[in-house]
Amino acid sequence: MQLIDELALDFLVSLKGEFSEETIFVSPYAKEASGDNALPLILSLMCAEVLGGSSETDIVQLQKVFHTGADPMERLIARPSFEGAVQHGGCYVLVDDVTSMGSTLAELANYLLMNGGSVIGSILLVNAGRSTKFRAIKKHTRLLEDRFGDEIKNIFGIHTAALTANEASYLVGFRTADEIRNRCIKAEKETAKRLLSKNYSGTSGK
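Now for a look at the structure at hand.

The rules behind each value
Position numbers for residues count from 1 along each chain, tracking the sequence in the order it is written. Where local features are concerned, this predicted model is filtered to residues with pLDDT of at least 70; where side-chain atom pairs are given and counted, the filter is 80 or more; whole-chain, interface and lining totals use all residues. Remark: hydrogens and water are excluded; side-chain values derive from all non-hydrogen atoms of the structure. Whether a residue is buried, partly exposed or exposed follows from its accessible area with a 1.4 Å probe, protein chains only, as a fraction of its type maximum: under 20%, in between, or over 50%, in that order. Under the DSSP-based scheme used, a helix requires at least four consecutive residues in state H or I and a strand at least two consecutive residues in state E, with every element numbered from the N terminus. The arc in question is traced by the directions running from the helix axis to the C-beta atoms. It only takes one pair of heavy atoms within 4.5 Å for two residues to be counted as in contact. By the convention used here, strands pair only if DSSP detects at least 2 bridges between them. When the strands point away from the viewer, a crossover counts as right-handed if the route from the first strand across the helix to the second turns clockwise. In plain words, nonpolar cores are sets of buried Ala, Val, Leu, Ile, Met, Phe, Trp, Tyr and Cys residues tied together by side-chain atoms within 4.5 Å. Axis definition: a line fit to C-alpha positions, over the contact stretch in the case of helices; interaxial angles, taken between N-to-C directions, run 0 to 180 degrees. Planes of paired rings set the category: under 30 degrees apart is stacked, over 60 is edge-to-face and the rest tilted, where pairs are Phe, Tyr or Trp rings (Trp by its six-membered ring) whose centres lie within 6.5 Å. Here, a salt bridge means any side-chain nitrogen of Lys or Arg that lies within 4 Å of a carboxyl oxygen of Asp or Glu.

## Some remarks on helix α5 (residues 138–148)
Consideration 1: Within the sequence span of α5, burial applies to His 140, Thr 141, Leu 144 and Phe 148. The buried residues of α5 occupy an angular sector of 95° when the element is viewed end-on, so they sit on one face. For α5, the exposed residues set more than 90 degrees away from the buried face come down to Lys 138, Lys 139 and Asp 146.
Consideration 2: The inward-facing, buried residues of α5 abut α6 (151–156), α7 (165–171) and α8 (177–197).
Consideration 3: Phi for Gly 149, located one or two positions after α5, is positive at around 60°.

So, in structure tokens, the structure goes:
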């Protein structure tokens, strides 16, 4: 709470009036939020306190994806899923402490949209990605669709048009689908090695 207060309070005060009293702030956090994993939830609660609206605490991330310290491909292949009731027609603002590729927020946004909610904005402490935009530019999505067809969906389980700006920018660097698949295999091994070094036995937080 003290960390979020020091880092975010002044910024949140500057946003007063940007959102209505019906706004719902929602963050990607696991069922047992603690340590770093609790930061998004605390930020969400503070957003509601300072800006009005409410903080959604029933929607939770089902599994840990261990994105901390992961490279771009590791983040792409380890995508979280969510559960919890979505308010039909509710206006949600995505809240997170740090985003890099944007994969987690993209999956949270998709969950909200698929269950009748709408996403009207996002609030982040740190954007660690190269792009300041969330949505991929059309030039990149067209190039990926022309180059790979349905392979992006086949490999990652998501449509090319649903890639974030940083995901699309990263994948543009690959020339063939086989290059992507080979990098995925390498990423899986790197993830397993990284988790083993941290005494994690599985690949199922943030």
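Structure shown, so let's carry the discussion forward.
## So, the pairing of strand β6 (residues 118–127)
Consideration 1: In this sheet, β6 lies alongside strand β5 (residues 91–99) in parallel orientation, the contact comprising 8 bridges. Bridged to Cys 91 within β6 is Ser 118.
Consideration 2: Crossover connection from β5 via helix α4 (residues 103–114) to parallel β6: handedness right-handed.

## Let's talk about the environment of Phe 174
Consideration 1: Within the secondary structure, Phe 174 is located in the loop between α7 and α8.
Consideration 2: For the pair Phe 174 and Val 98, spaced 76 residues apart in the sequence, the C-alpha separation amounts to 26 Å.
Consideration 3: Filtering out sequence-adjacent residues up to four positions away, Phe 174 remains in contact with Met 73, Arg 147, Phe 148, Glu 179, Ile 180 and Arg 183.

## Describing the nonpolar core
Consideration 1: Within the largest apolar cluster, 18 residues are counted, with the highest numbers of intra-cluster contacts made by Met 73, Phe 156, Leu 163, Leu 171 and Ile 180.
Consideration 2: Secondary-structure elements contributing two or more residues to this core are α3 (72–77), α5, α6, α7 and α8.
Consideration 3: If you tally residues by element for this core, the top one is α8, at 4 residues.
Consideration 4: Once you skip the residues sitting within four places of it in the chain, Met 73 turns out to touch Phe 156, Tyr 170, Leu 171, Phe 174, Ile 180, Arg 183, Cys 184 and Ala 187.
Consideration 5: Leu 12, Leu 15, Leu 39 and Ile 42 belong to the second-largest nonpolar core, a separate cluster that totals 17 residues.

## Looking at the environment of Cys 91
Consideration 1: Of note, Cys 91 is situated in strand β5.
Consideration 2: For the pair formed by Cys 91 and Phe 66, sequence separation is 25 residues and the distance between their alpha carbons is 29 Å.

## A look at the sheet that holds strand β2 (residues 54–56)
Consideration 1: Spatial strand order, β2-β1-β5-β6: 4 strands in an open sheet with parallel pairing. This sheet does not close on itself; its edge strands, each paired only once, are β2 and β6. Here the strands of the sheet are splayed against their neighbours by 30° on average, with no regard to which way each runs.

## Things to note about the packing of aromatic side chains
Consideration 1: Under the criterion given, the structure shown has 3 aromatic pairs.
Consideration 2: Look at Phe 19 and Phe 25: their rings are 5.9 Å apart centre to centre, the planes differ by 85°, and that puts the pair in the edge-to-face class.
Consideration 3: Consider the rings of Phe 82 and Tyr 111, whose centres lie 6.4 Å apart with planes at 45°: the pair is tilted. Of this pair, Phe 82 sits in strand β4 (residues 82–83) while Tyr 111 sits in helix α4, and the two are 29 residues apart along the sequence. Comparing Phe 82 with Tyr 111, the two get one shared label, buried.

## Some details on the pattern of salt bridges
Consideration 1: Across all of its chains, the model carries 6 salt bridges by this definition.
Consideration 2: Across the pair Asp 71 and Arg 183 runs a salt bridge, and its minimum N-O distance is 2.4 Å. Of the two residues, Asp 71 is situated in the loop between β3 (60–61) and α3 and Arg 183 in helix α8; the sequence distance between them amounts to 112 residues. No difference in accessibility class separates Asp 71 from Arg 183, as the two residues are buried.
Consideration 3: With a closest N to O distance of 2.1 Å, Glu 151 and Arg 181 form a salt bridge.

## Some remarks on the pairing of β5
Consideration 1: Across the 9 residues of β5, 7 count as buried, placing the element largely inside the fold.
Consideration 2: As paired strands, strand β1 (residues 24–26) and β5 are joined by 3 bridges and run parallel to one another. Paired with Phe 25 across the two strands is Val 93, which belongs to β5.

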